[in-house]
Structure formats: C-alpha cells, structure tokens
Amino acid sequence: MYDNLLANVPTDLWIGGKWRKSSDNSRFDVIDPATERKIASVANATVEDAKAALDAADAAFEGWAKRKPRERGEILRKCYELIMRDAERFAKLITLENGKALPDSRGEVAYAAEFFRWYAEEAVRNLGSISTAPASGARIVAQHKPAGIAVLVTPWNFPAAMATRKIGPALAAGCPVILKPASDTPLTMLALMPVLEEAGVPAGVVNVIPSRSSGKVVGHMLHDPRVRVVSFTGSTEVGRKLLHEAADNILKPAMELGGNAPFIVFDDADIDAAIDGAMIAKMRNMGEACTAANRFYVHEKVHDEFAKKLTDKMKSLKMGNGLDEGVNLGPLVNKDGRDKVIELVDDAVKKGAKVLAGGKLPEGPGFFYPATVLTNVSDDSKMLNEEIFGPVASIQTFTSEDEAIKRANDTEYGLVAYLYTKDLSRGMRVSEKLDFGMIGLNRGLVSDPAAPFGGTKQSGLGREGAHEGMMEFMETQYVSVSW
Ligand code: NAP
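Throughout this document, residue positions are counted from 1 along each chain, in the order its sequence is written. Per-residue local features of the predicted model are confined to residues with pLDDT of at least 70, and side-chain atom pairs are confined, for both listing and counting, to 80 or more; whole-chain, interface and lining totals are unaffected and use all residues. Side-chain measures here rest on the full set of heavy atoms in the structure, leaving out hydrogens and waters.

A look at the overall build of the protein chain
Item 1. Secondary structure elements follow DSSP: runs of H or I of four or more residues count as helices, runs of E of two or more count as strands, with numbering from the N terminus. Looking only at helices and strands, the protein chain features 15 helices and 22 strands.
Item 2. Projecting the C-alpha coordinates of the protein chain onto the three principal axes gives extents of approximately 70 × 65 × 40 Å.
Item 3. Long-range pairs, those at least 24 residues apart, make up 72% of the contacts in the protein chain between residues at least 6 apart in sequence.
Item 4. Element-wise, carbon and sulfur atoms account for 50% of the exposed surface of the protein chain, whose accessible area totals about 19,000 Å².
Item 5. As used throughout, the charge tally considers Lys and Arg to be positive and Asp and Glu to be negative, leaving His and the chain termini uncounted. Think of each charge as sitting on NZ of Lys, CZ of Arg, CG of Asp or CD of Glu. Seen as two clouds, the 59 positive and the 65 negative side-chain charges of the protein chain have centres 2 Å apart. Pairs of residues are marked as contacts when any of their non-hydrogen atoms sit within 4.5 Å. A 1.4 Å probe and the Shrake-Rupley method give the accessible areas. Residues count as covered only by the protein chains that appear here.

So, the layout of surface pockets
Where empty space is left becomes clear once a probe the size of a water molecule has been rolled over the atoms.
Item 1. Here the term cavity refers to a set of points on a 1 Å grid, laid over the protein atoms alone, in which a 1.4 Å probe fits but cannot get out; the term pocket refers to an open set having protein on both sides within 12 Å along at least five of seven lines, with lining residues being those that place an atom within 4 Å of a point. Grid points are joined across faces, edges and corners, and a volume is the space filled by probe spheres set on the points. As a volume, the largest pocket reaches approximately 1,000 Å³.
Item 2. Lining the largest pocket are 38 residues, with Pro155, Trp156, Gly234, Ser235 and Val238 sitting closest to its centre.
Item 3. Contributions of two or more residues to the lining of the largest pocket are made by helix H8 (214-222), strand S10 (227-233), helix H9 (236-248) and helix H12 (335-350).
Item 4. With 5 residues, H9 is the single largest residue contributor to the lining of the largest pocket.
Item 5. Split into classes, the residues belonging to the lining of the largest pocket amount to 14 nonpolar, 12 polar and 12 charged.
Item 6. Start and end points for every domain follow an automatic or database-based domain assignment. Viewed by domain, the lining of the largest pocket spans two of them, domain 1 (3-257 + 459-481) and domain 2 (261-449), each represented by three or more residues. Under the scheme applied here, ten amino acids are nonpolar (Ala, Val, Leu, Ile, Met, Phe, Trp, Tyr, Cys and Pro), four are charged (Asp, Glu, Lys and Arg), and all others, including Gly, are polar.

Side note on helix H14 (residues 424-433)
Item 1. Burial classes follow relative accessibility: with a 1.4 Å probe on protein chains only, a residue under 20% of its type's maximum area counts as buried, one over 50% as exposed, and anything between as partly exposed. Residues of H14 that are buried include every one of Arg426, Gly427, Val430 and Ser431, and no others. Down the axis of H14, the buried set is contained in an arc of 130°. They therefore lie on one face.
Item 2. In this fold, the buried residues of H14 make contact with helix H13 (401-409), strand S18 (416-420) and strand S19 (438-441).
Item 3. Whenever a nitrogen or oxygen atom comes within 3.5 Å of another N or O atom, the pair is scored as a polar contact, on the condition that within protein one atom can donate a hydrogen and the other can accept it, and that pairs from neighbouring residues in sequence are kept only if both atoms are in side chains. Structurally, the start of H14 carries an N-cap: the backbone nitrogen of serine 425 is 3.0 Å from a side-chain oxygen of aspartate 423. The directions from the helix axis to the C-beta atoms form the arc being described.

Description of the sheet that holds strand S13 (residues 293-299)
Item 1. In this scheme, strands are said to pair when DSSP sees at least two bridges between them. Read across the open sheet, the 7 strands follow the order S14-S15-S16-S13-S12-S18-S19; overall the sheet is mixed. The sheet is open, and its two edges are formed by strand S14 (354-357) and S19, each paired on a single side. Direction aside, the axes of adjacent strands within the sheet are offset by 25° on average.
Item 2. Examined bridge by bridge, strand S12 (residues 261-265) and S18 share 3 bridges and lie parallel to one another. Bridge pairing in S18 links phenylalanine 263 to tyrosine 418.
Item 3. Helix axes are fitted only over the stretch in contact, all axes being lines through C-alpha atoms; the angle between N-to-C directions runs from 0 to 180 degrees. Strands in contact with H12 are S14, strand S15 (372-375) and strand S16 (392-398); relative to S15, the strand with the most contacts, it is inclined by about 30°.

Some remarks on the site of the ligand
Item 1. Near the ligand, the surroundings consist of 30 residues, among which Thr154, Ser183, Ser235, Leu257 and Glu387 are the closest.
Item 2. Between arginine 165 and the ligand, the recorded distance is 2.7 Å, taken from a side-chain N or O atom to an oxygen atom.
Item 3. Here the ligand loses 86% of its free accessible area of 910 Å² to cover by the protein chains.
Item 4. A molecule is counted as occupying a cavity or pocket when more than half of its atoms fall within 2 Å of that pocket's grid points. Comparing atom positions with the cavity grids shows the ligand to sit within the largest pocket. Nearness of a residue to a molecule or strand requires only that one of the residue's heavy atoms be within 4 Å of it.

Comments concerning the side chain of serine 22
Item 1. Summarising the element assignment, serine 22 is placed in the loop between strand S2 (18-20) and strand S3 (27-32).
Item 2. Assessed through its relative accessible area of 4%, serine 22 is described here as buried.
Item 3. At a separation of 3.0 Å, a polar atom in the side chain of serine 22 contacts the main-chain amide nitrogen of serine 26.
Item 4. Within the structure, the side chain of serine 22 is placed 3.4 Å from the backbone oxygen of asparagine 44, a separation counted as a polar contact.
Item 5. Excluding residues that lie within four positions of it along the chain, serine 22 makes contacts with Leu13, Ala43, Asn44, Ala45 and Asp49.

A look at the packing of helix H4 (residues 87-98) against helix H5 (residues 102-122)
Between two packed helices, what matters for the description is the angle formed by their axes and the separation of those axes.
Item 1. Two elements in contact, H4 and H5, have axes separated by 8 Å at closest approach and are oriented at 125°. Between H4 and H5, the angle falls in the class oblique. Classified by chirality, the crossing of H5 by H4 is right-handed. Across from Ala87, Glu88, Phe90, Ala91, Lys92, Ile94 and Thr95 in H4, the residues of H5 making contact are Leu102, Ser105, Arg106, Glu108 and Val109.
Item 2. By residue class, the composition of the contact of H4 with H5 is 6 nonpolar, 2 polar and 4 charged. For classification purposes, an angle smaller than 35 degrees is called roughly parallel, one larger than 145 roughly antiparallel, one from 65 to 115 roughly perpendicular, and anything else oblique. Handedness of each helix crossing follows the sense of rotation of the near helix against the far helix: counterclockwise by less than a right angle gives left-handed, clockwise gives right-handed.

Observations regarding H13
Item 1. For H13, the full list of buried residues reads Glu401, Ala404, Ile405, Arg407 and Ala408.
Item 2. If you follow the buried residues of H13, they end up packed against S12, S13, S16 and H14.

Digging into unusual backbone geometry
Item 1. Omega for the bond connecting glycine 364 with proline 365 falls within 30 degrees of zero, at 0°, which places this linkage in the cis form.
Item 2. Residue placement: proline 365 occurs in the loop between S14 and S15.
Item 3. Its identity is not glycine, yet asparagine 25 carries a phi of approximately 65°, on the positive side.
Item 4. Tracing the backbone shows asparagine 25 in the loop between S2 and S3.
Item 5. A residue is classified by how much of its surface remains accessible, and asparagine 25, at 57% relative accessible area, is exposed.
Item 6. The backbone phi angle of isoleucine 250 is positive, close to 45°, even though this residue is not glycine.
Item 7. Of note, isoleucine 250 is situated in the loop between H9 and strand S11 (252-256).
Item 8. Given a relative accessible area of 65%, isoleucine 250 falls into the exposed group.

A look at the pairing of S18
Item 1. In terms of residue burial, S18 counts as a mostly covered element, since 5 of its 5 residues are buried.
Item 2. Residues Val416, Tyr418 and Tyr420 of S18 are buried on one face, and the alternating residues Ala417 and Leu419, pointing to the opposite face, are buried as well.
Item 3. Bridging between S18 and S19 involves 4 bridges; their strand directions are parallel. The partner of alanine 417 across the bridge, within S19, is isoleucine 439.
Item 4. One crossover worth recording links S18 to the parallel S19 by way of H14, and it is right-handed. When the strands point away from the viewer, a crossover counts as right-handed if the path from the first strand over the helix to the second runs clockwise.

Some details on the domain arrangement of the protein chain
Item 1. Examined at the domain level, the protein chain breaks down into domain 1 (3-257 + 459-481) and domain 2 (261-449).
Item 2. A C-alpha centroid distance of 30 Å is found between domain 1 and domain 2.
Item 3. Contact with domain 1, which involves 31 residues of that partner, is made by 31 residues of domain 2.
Item 4. Accessible area that two parts lose when put together, with a 1.4 Å probe and added across both, is what the buried area reports. Each partner contributes to the roughly 2,500 Å² buried at the junction of domain 1 and domain 2, and carbon and sulfur atoms together form 59% of this total.
Item 5. Take a side-chain nitrogen of Lys or Arg and a carboxyl oxygen of Asp or Glu: if they are within 4 Å of each other, that pair is a salt bridge. Run the count over domain 1 and domain 2 and you get 1 salt bridge.
Item 6. Where domain 1 touches domain 2, the interface holds 12 residue pairs in polar contact (both at pLDDT 80 or more).
Item 7. Elements with a contribution of two residues or more to the side of domain 1 that touches domain 2: H4 and H5.
Item 8. If you tally residues by element for the side of domain 1 that touches domain 2, the top one is H5, at 8 residues.
Item 9. When its residues are assigned to classes, the side of domain 1 that touches domain 2 shows 14 nonpolar, 8 polar and 9 charged.

In structure tokens, the structure reads:
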C-alpha cells in the first residue's frame, strides 16, 4: 500500500530546480502515525544547504519579479489546475504522513489549491495610488514592489495548505521563497515541487529544505541581508523566537500562531446547526487546528440538549487508519501530541470534569485518541488555557451575554471565536466585543482563501489570504513628483 503511494515522492532537497542530497548526507525518518512505521527517509538540510537555497532564490528573484503580472497569474492558475488533477494522490500522501482521515485530507487539498487560484487572480490587482500633496502640490505616487526573498516556515497540521497559503501570495507578488516544512510532514511539499515545475514556476523561485536543525537553518537565513520577509505558521513560542531573530535584520514578519477558540451557544441558537458547526470547528483535522474550538460556552438553558447531541455525534465517528474509507477520525500526529491530550484530559477529570464520551486510550499501534466530550470542566483546568490540539470538547455553561463575552475574551490568544444565535443583531453586537481576528457567526468554519485570516494578541501578526495576504510580500514605494 505504501509503495504505491510513495513510488514517485521525492525525498531530497529542492534547490534551484534540482534535487540534491544534504551537504553532510544526513537524513531523517518520516513516520506513519497510524502504524508507527517508517515510511520515508528525507534529506536533512544544513546551513550550507540553506546558503545554496539563498543563492538560488537570489538568482531567480530579478527574473521572476520582472515577469508580467499576467504571466505570473497564469502560472499560478496552472498550479491550481495541476494540483486538482492530482488531488487524490496528494490527499493520500497527507493522510499517510499526518494521519488525518481522507475526507479531511481531500478538503485540505482543495483548500490548498485554492490559494493558487485566488492569487492567480490577485497577481494582476497590484493597485497603487496617486494623489496631490496638500501643501506642496507635488504628486504622491505610491506603488507596491516585491519585497525580496521570503523564508517560509510551516507546521505539520496542514502540510499542504499552510504552505500554499504563503507560496501563492509570495509568487503573485513577485518574490522567490525558501520553505522549511515541518519535520513530521515534509513529503507533501516535496511532492508538490514537480507539479509547480510542470506549471512553469522557474528554477529557484520555490525552494524546499526540510531540516531537523530548524533553529540553526532558519536562523541563518533570517540573518542573510537578501531575505526581506519571514512568514511563519506554528506555535506562539517558536513565533516569538523568530520575531526576535527577525528584529536583527528588520524583516517583514507575518506570524500565524496559536489559538484558544471559544464556541458560544446562546439559548436562542438553532441547536442542530450549532452541533453541525461544533463538529466542524472541533473535529476538522481531529482537533489539530489553530482554529479548533477549544472552549465550549453553552447557555445553561440549552446545555443538556447541546451536550447530549454533541456526545451522540462524537460517539458516531469511526476511528481508524485515515486511509481506510469510512474512517473519519485518524491518529494524532505523534506520541508527544497524544501525550499532551492525555495529560490535559487527566487534569480536567481530576478537577471534576465528567466524561460523556471517549477519554480511554485504544490499544496500539498508532497515536490514536478517541472523540471525547467533557462537561462540568472547572475553570482552573489546564485545557481552558492551552491548545488541546486533539479531539476533545470541553463544555461549560453561562447565564448572561456579558458573562459569555468576558469568559471568551479571557485568554492571551485572539485567533478565532464562534457563536451561535438566531438573533443577528445580538450576533453582530457580540462579535464586535470579541477580541479575536476572526469570528464564525452561525458557522463552524472561517478559513477561506478570499478572506483575511489571522489573529490578535498572542495569535499573531499580519493576515494570510485575501488581498492583504499578497501585501505581506510587498513593500510600498512612494515617489514624490513634480511635473
Ligand atoms: P511549531 O513547533 O512551532 O513548529 C512549526 C514550524 O517551526 C516547524 O516547521 C518547525 O520545525 C519549525 N521550528 C521549530 N522550532 C524552530 C526554531 N527554533 N526556529 C525555526 N523554526 C522552528 O508548531 P507545530 O507543532 O508544528 O504546529 C502547531 C502549532 O501551529 C499550534 O500552536 C497551532 O495553533 C499553530 N498553527 C497556527 C495556524 C495559524 O494560522 N494561526 C495554523 C496552523 C497551526 P520542526 O518540525 O523541525 O520542529
């Protein structure tokens, strides 16, 4: 089964349009989280390899930046089409290295490809402005230019989409990129490279260097004066480190970091719709998403109905190898990820939480954790302050709108919040009071390539997707003109 899937997947470094071993010939293993078996051994980039990638990106920059926006757009459009042509192959590969069930992987491939289609359309919309200086009468001409080489660092939870969300806008803007994918899931991006080449992306414009020495390799690149942008998706802890490093070279930072999403259900909500939304917000990717609902606040009048219906749905999920049809709950990505979920659930149960579903580990192999529902979760439980990153729903009750808002905002994170109410004026009023970059109002999914994705507070800086996403890779230049 593996051999078929892995037959043509490259495992070396993609630098300057060529496959290369790492400079010291070192490699690292990639594990299938469903079986704990090794599925590939991937070249482990060193600082020397990072230097080669920088040279390749530098050599490609001028030519790519000079291409007409329409040409760049057409290449991006072709990337979209070719990914969709190979969608099933990519979906299976994502499942193999990340564990998520095939329906989730298929969703991710479509979402990932959309960033190429959207930015194919944005590449030709690099609008500047012209105005008259109020005092001098000179003309103020403002235009946006590609910023320079961008270093992209991505997490394992969406091996395709977190990277294409950066590659699409960078290429549309005219920037070459060097991508360091997560070490748990490097294969999907390596497999994408021949597809981008076929679509017409020139050598050196996209380089991929998996590395287990991420600190050293990324650190080196962030200190090279040719690099102008660092775009990171991952934990707040690592994001903070990279921001410190970016400061040395005054880089443009785009940071998509952790979340701790509240999911508020008012007493006037359509409960069945809220359950459908909750299943998406909580269970997409087995809960391994920065946007995952981490804290359910349910009005006390509808708590019992919501908890029962959610428990029934969670119990109906089929856990197993994500490659098997019919499975909708795969394993978590690795042992550390599962241990963290076990620790958070144990802590909540010790502090009085009641287990309505799940909570018990299945027999191995594989890093499986069952769909779990906890209620009566006490305020001092660790899972209310930390990302659970697993298939565990923790439910608490509230009695008033003000209380729901106060508790939802009581976190250092500010990525996304969800709320369900049939009263749209309440929905908008509460949305405005929630200190989050994104709100799902009667929706359990906010991600959309055409929308500005990003958070406030410790959840990040900048936006991905939409027109804003392309501006992260551009510098504004103003020309003061007398004519
Ligand atoms: P992570 O540990 O922060 O790793 C993310 C990436 O950074 C990986 O490629 C990792 O490489 C690399 N890295 C780790 N330490 C580094 C260092 N010192 N210098 C440079 N690079 C370094 O995060 P993760 O566990 O992969 O992903 C989960 C986190 O991502 C969660 O907090 C989640 O909320 C967040 N996330 C946020 C968004 C968003 O859009 N806001 C989306 C998805 C995920 P290695 O794999 O080699 O360690």
